[in-house]
Amino acid sequence: MAGTRFFTFGPFRLDATGRALFRGARMVPIPPKAADTLLLLVENAGSVVTKEQLLATVWRDTFVEEGSLTRSISVLRKLLDDRAHGHEYIVTVPKRGYRFAARVEQAAAREAPSGPAKIMLAVLPFVDLSGDERYGYFSDGLTDEMITQLGRLNPERLGVIGRTSAMQYRSTNKSLQRIGRELGVTYVLEGSVRRGGSRVRVSAQLIQASDQIHRWTGSYERELHDVLALQSDVARAIARQIEIKLAPRERERLAAAATVNPQSYEDYLKGRYLWNARTQEALEKSIHYFERAIRNEPRYAAAYAGLADSHLTLQDTDCVPPRLATRKAKQAAARALEIDEALAEAHVSLAHAHFHELDWTTAEREFSRGIELNPSYATAHFYYANYLLAVGRSAEAIEEASRARTLYPVSLSAQTNVAMILCLAGQPDQAIEQSLAVLETDPRFAPAYEDLGRAYGLKRMHRRAIAAFRKAVAISKRSSPRYLASLAHAYAVAGKRKEAVGLLRELERLAKKRYVSSYAFALTFVGLGDKEKAFAWLAKARRERSSAVPFVAVEPRLAPLHSDPRFRELLVRVGLERPTSGSVASPRVRTGTAARTGSGGPGSPP
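Rules and cut-offs
Residue indices begin from 1 for each chain and proceed along its sequence in written order. Whole-chain, interface and lining totals are the exception, using all residues; otherwise, since this is a predicted model, local features are given only for residues with pLDDT of at least 70 and side-chain atom pairs are given and counted only at 80 or more. The side-chain figures draw on all heavy atoms in the structure; neither hydrogens nor water molecules are used. Numbering of helices and strands starts at the N terminus; helices are DSSP runs of H or I of at least 4 residues and strands are runs of E of at least 2. Only protein chains enter the area calculation, which uses a 1.4 Å probe; residues under 20% of their type maximum are buried, those over 50% are exposed, and those in between are partly exposed. The Shrake-Rupley method, run with a 1.4 Å probe, gives the accessible areas here. Residue values count only the displayed protein chains as cover. By definition, residues are in contact when any of their heavy atoms lie within 4.5 Å. Side-chain atoms within 4.5 Å link the members of a nonpolar core, which is a set of buried Ala, Val, Leu, Ile, Met, Phe, Trp, Tyr and Cys residues. Along the arc lie the directions from the helix axis toward the C-beta atoms. Stacked, edge-to-face and tilted are the three classes for Phe, Tyr and Trp ring pairs, Trp counted by its six-membered ring, which pair at centre distances within 6.5 Å; planes under 30 degrees apart are stacked, over 60 edge-to-face, the rest tilted. To obtain an axis, a line is fitted to C-alpha atoms, over the contacting stretch when the element is a helix, and the angle between two such axes runs from 0 to 180 degrees between their N-to-C directions. Convention used here: angles under 35 degrees read as roughly parallel, angles over 145 as roughly antiparallel, angles from 65 to 115 as roughly perpendicular, and any remaining angle as oblique. Two helices that cross are described as forming a left-handed crossing if the nearer one is turned anticlockwise from the farther one by less than a right angle, and a right-handed crossing if clockwise. Each residue is assigned to one of three groups, with Ala, Val, Leu, Ile, Met, Phe, Trp, Tyr, Cys and Pro labelled nonpolar, Asp, Glu, Lys and Arg labelled charged, and all others, Gly among them, labelled polar. Pairing between two strands is assigned when DSSP locates at least 2 bridges connecting them. Salt bridges are counted wherever a side-chain nitrogen of Lys or Arg sits within 4 Å of a carboxyl oxygen of Asp or Glu. Two N or O atoms count as a polar contact when they lie within 3.5 Å, although within protein this holds only if one can serve as hydrogen donor and the other as acceptor, and sequence-adjacent residues are included solely when both atoms are side-chain atoms.

## Comments concerning the overall build of the chain
Looking only at helices and strands, the chain has 26 helices and 16 strands in total. Counting across all 606 residues of the chain, residues that qualify as buried make up 58%. Of the accessible surface of the chain, which amounts to about 25,200 Å², a share of 49% is contributed by carbon and sulfur atoms.

This is the structure in C-alpha cells:
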C-alpha cells in the first residue's frame, strides 16, 4: 500500500488512492464520480474549485451538462450529512463553483488509524490470442473464474471488482491509472489466453494502478483438464505478491484443485458466457450447456450453481412460470452444495430460490452463508438487498445495495437496483437522482426509466412518470409486460382511463402468446380502482409466486389496498405478517410509511 494517501476531516477519512470514504472504521459507499469530485475538493480545501475545473477533471473526455456536477454535489452532501450537525463541508460559491470548508489533514498510509486497509483489485478481460472467434467464451470464462478465485482468497483483506464492471474495459484505450481511478482499485490484473488443441497457455501480469508498476508477471501452460490447477497457481502467486495471507479454507481449496473433464469445462464456460447475456434465448441455451457439462462431469459443483442461476434469471425477467423455475433452481443448488458446501455461489442461488418461494428464514440463512464465504461476490449483496427491502429492513437494504454497487462500480444493473430500493424505501428524490445518473451513462437503459417513472409517480408527478414509462416500453419494443403494466397504472392514476384500458387489452393479447405475470394485471387494476379484480389477480400472483410478490408490503403503488382487510390477509399468506388469535395479525413488516422508512421486519432485481 506504499504511496497511498489519506485525507481526514471531521469523522471522515478519504483514501485518495482507492477512492474509498470511511466514517470511523465503517466504509461509506460512494459512487465513483462523487468520489472523484470529493477528492478534488478536498485536495484544494479552502480554495474555490470552479465548475469548469470540476467538469474538466472529473468528466474529462466526456461531454456532460452542469446537472451532472450538481447531482454529484447533492450526493456528497447527503453522504457527509452536510449541515445536519452544524457542519457545512461543501460551500457553494455563487457563479463560480464550490469550496471545501472543513479543516483537512493529510496522513500517510502508515498513519491511518483503522489498521491494514482492504486492498481492491480488478481483473480485466483476458485477451484471446487463439485467433479463433469460437473461443471468445473461453477467455471471458477464464476472466470470470479468476474473479471468483481471487475473491475467495482472504475476503477481509482483498476485495475484487465484479465481472460486469471489469468487462466494460474490453479493448479499451484508457490507461491503467485511469481504470484504477474509475474502479477505485489499487491493483489491476490483466492477461491473455491461447488455446492450442488440448493445451491452454495463460500469461498474466499484476500492475499497481497508481504508477503502472508491474508487480508480478507469470506464464503457465497446462493440459485443458488441469485448467483448475492453473487458476489456483495464478491466485497463489498474486496472494504472495500483495502479501495476502490465505484464509485456511481457501488454502485447502487451492491445494486440492482437481482435474476436470475438458468438454465439461468448456460447456460450463459457454453456459456462463450465455448467462451473462441475460436474454431469454441466451438463458435457455445456457441451461443446455450446463446440463451437458453435468452429464459429462456429474460432480461439477460450479455447473450445478450455474444451472440454478439460469433458471432463476429466467424467472426474474418474467420469461417462465416462476414455480417451475424455482423448483429446478433449488434442486441444482442443493446438488452443488452436496458436492461443495463451501461454494458461495450455490448458497446464494439457493437463497434466491427460497426468497421467491417466500421462505424468509431459509433465504436469509443462505444469503448470510454465501456472503460469509465470499464477501466480494457482488451478486450476493445485490439479491440480499432485495430480501432486506422486502421484509422492511430498508436501511440495511440500501447499505447492501450500495455494497453491490461498490463491487460493481460501473454496472448499470447495480446502480438501478439502488434506485429501485431507494424508491420503495420512501426516498423518491434520491431514486430520481440515481436513475438520472444511470441514464447519463446509457440513455437507452430501460430499467432506469422504470425506476424513474416509479419515483415520479410516488411524487405524483404524473406527466413525468408517464413519459419515463413510455420510454421503457419503447426501448423494450413493447415486449415487457412489466413495463406495459407500469405504464397502464401511471395512465390510470393520472385519469387517462382510455389509454390504461388499451394497455390492459394489450397485456391480455400478450398473455395468449407467452407467460405474463398475474401481478401485471393486478397492478393495472389497482390503477383503475377495481379492487375486486386487483385482489383476485394478486391472489393468483401469490399462488404462481410472481417475482414481484415478495415486495407487496413495500410497493407504494399498492397503497390504495392497504385499508382493505384482504390486504392484511395477503401479507399473512406471503409470510410478511404473523396471524394471531381473533384474526388480528402481528406484523412482520408494516405497510405504508413505516415499512418504507425501515421499521419492522424480522429476519426482483430490475
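This is not the end of the story, as more comes after the structure.
## A few points about the side chain of Thr379
One can find Thr379 in helix 15 (residues 378-390). A residue is classified by how much of its surface remains accessible, and Thr379, at 11% relative accessible area, is buried. Sequence-distant contacts of Thr379, defined by excluding residues within four places in its chain, comprise Val348 and Tyr408.

## A short note on the environment of Leu487
Turning to its location among the elements, Leu487 is positioned in helix 21 (residues 481-493). Note on Leu487: relative accessible area 3%, which makes it buried. Setting aside its immediate chain neighbours within four residues, Leu487 contacts Ile466, Phe469, Arg470, Val473 and Leu503.

## Remarks on the nonpolar core
Grouped together as the largest cluster of nonpolar side chains are 88 residues, with contacts concentrated most on Phe367 and Tyr387. If one sorts the elements of this core by residue count, helix 15 sits on top with 9 residues.

## Quick word on helix 2 (residues 51-58)
Within the sequence span of helix 2, burial applies to Lys51, Leu54, Leu55 and Val58. All buried residues of helix 2 lie within an arc of 95 degrees about the axis, which places them on one face of the element. Against helix 1 (32-43), strand 5 (48-50), helix 3 (66-79) and strand 7 (97-100) lie the buried residues of helix 2.

## Here's the deal with the packing of aromatic side chains
In the structure shown here, the tally under the stated rule is 18 aromatic pairs. The interplanar angle of 50 degrees and the centroid separation of 6.1 Å between the aromatic rings of Trp360 and Tyr387 together place this pair among those described as tilted. Here the residue Trp360 occupies a position in helix 14 (residues 360-373), and Tyr387 occupies one in helix 15, the gap between them amounting to 27 residues. For the residue pair Trp360 and Tyr387, the accessibility class agrees, reading buried in each case. When the ring of Phe367 is compared with that of Tyr387, the centres are 6.2 Å apart and the planes differ by 55 degrees; the resulting orientation is tilted.

## Let's talk about the packing of helix 13 (residues 344-356) against helix 14
Helix-helix packing is described using two parameters, namely the angle between the two axes and the distance between the axes. With their axes 8 Å apart at the nearest point, helix 13 and helix 14 run at an angle of 160 degrees to one another. By the angle class used here, helix 13 and helix 14 are roughly antiparallel. Seen from above, helix 13 lies across helix 14 with left-handed handedness. Here Ala344, His347, Val348, Leu350, Ala351, His352, His354 and Phe355 of helix 13 come into contact with helix 14, specifically with Trp360, Thr362, Ala363, Glu366, Phe367, Arg369, Gly370 and Leu373. Residue composition of the contact of helix 13 with helix 14, grouped by class: 9 nonpolar, 5 polar and 2 charged.

## Here we look at the sheet that holds strand 5
Strand-to-strand pairing in sheets goes through backbone hydrogen bonds, with the strands running parallel or antiparallel. Strand order across the open sheet formed by 3 strands is 5-7-6, with antiparallel pairing between neighbours. Among the strands making up the open sheet, the edge pair consists of strand 5 and strand 6 (90-93). Neighbour-to-neighbour, the strand axes of the sheet open up by a mean angle of 30 degrees, direction not taken into account. As defined by bridge partners, strand 6 adjoins strand 7 across 4 bridges and the pair is classed as antiparallel. Looking at strand 7, one finds that Val91 is bridged to Arg99. Lying on the sheet, helix 2 is in contact with strand 5 and strand 7; it crosses strand 5 at an angle near 65 degrees.

## What about unusual backbone geometry?
Even without being glycine, Leu358 reaches a positive phi, approximately 65 degrees. Counting through the fold element by element, Leu358 comes out in the loop between helix 13 and helix 14. The class for Leu358 is buried, based on a relative accessible area of 11%. Positive phi outside glycine occurs at Arg545, with the angle close to 60 degrees.

## Some thoughts on the environment of Gln212
Structurally, the position occupied by Gln212 is in the loop between strand 13 (199-208) and strand 14 (213-223). Gln212 gets classed as partly exposed once you look at its relative accessible area, which sits at 34%. Residues Gln212 and Leu176, spaced 36 residues apart in sequence, show a C-alpha to C-alpha distance of 6.6 Å. Dropping the residues within four chain positions of it, Gln212 is found in contact with Leu176, Gln177 and Ile207.

## With respect to the pattern of salt bridges
The full count for this structure, using the stated rule, is 32 salt bridges. Of the charged contacts, one joins Arg557 and Glu555 as a salt bridge, the two residues approaching to 3.3 Å between their closest N and O atoms. Pair check on accessibility: Arg557 and Glu555 agree, each one buried. Counted as one network, the salt bridges with shared partners bring together Arg199, Arg201, Glu221 and Glu223.

## Details of the pairing of strand 13
Pairing between strand 12 (residues 187-196) and strand 13: 10 bridges, direction antiparallel. Residue pairing in the sheet places Val188 in a bridge with Ile207 of strand 13. Between strand 12 and strand 13, which pair antiparallel in sequence order, lie 2 residues; one of them, Gly197, sits at a positive phi of approximately 65 degrees. One ladder, built from 10 bridges, connects strand 13 with strand 14; its direction is antiparallel. The residue bridging Gln208 from the neighbouring strand is Ile213, located in strand 14. Hairpin connection, strand 13 to strand 14: the antiparallel pair is bridged by 4 residues, and Gln212 has positive phi, about 60 degrees.

## Some words on the side chain of Arg272
With respect to the helices and strands, the residue Arg272 is situated in helix 9 (residues 262-277). Residue Arg272 is classed as buried on the basis of its relative accessible area, which comes to 9%. Those residues in contact with Arg272, other than ones at most four positions away along the chain, are Phe290, Ala305, Gly306 and Asp309.

## As for the pairing of strand 2 (residues 12-15)
For a regular strand, side-chain orientation follows a simple rule: the groups alternate between the two sheet faces. Burial along strand 2 is two-sided: Phe12 and Leu14 facing one way and Arg13 and Asp15 facing the other are all buried. Bridging between strand 2 and strand 3 (residues 20-23) involves 4 bridges; their strand directions are antiparallel. In the sheet register, Arg13 faces strand 3, and the bridge partner there is Phe22.

## Considerations on the environment of Arg393
Considering the arrangement of structural elements, one finds Arg393 in the loop between helix 15 and helix 16 (394-407). Look at Arg393 and you get buried, because its relative accessible area is 13%. Measuring from C-alpha to C-alpha, the distance between Arg393 and Ala425 comes to 8.9 Å, with 32 residues separating the pair along the chain. Here Glu364 takes part through its side chain, which lies 3.1 Å from a polar atom of the side chain of Arg393.

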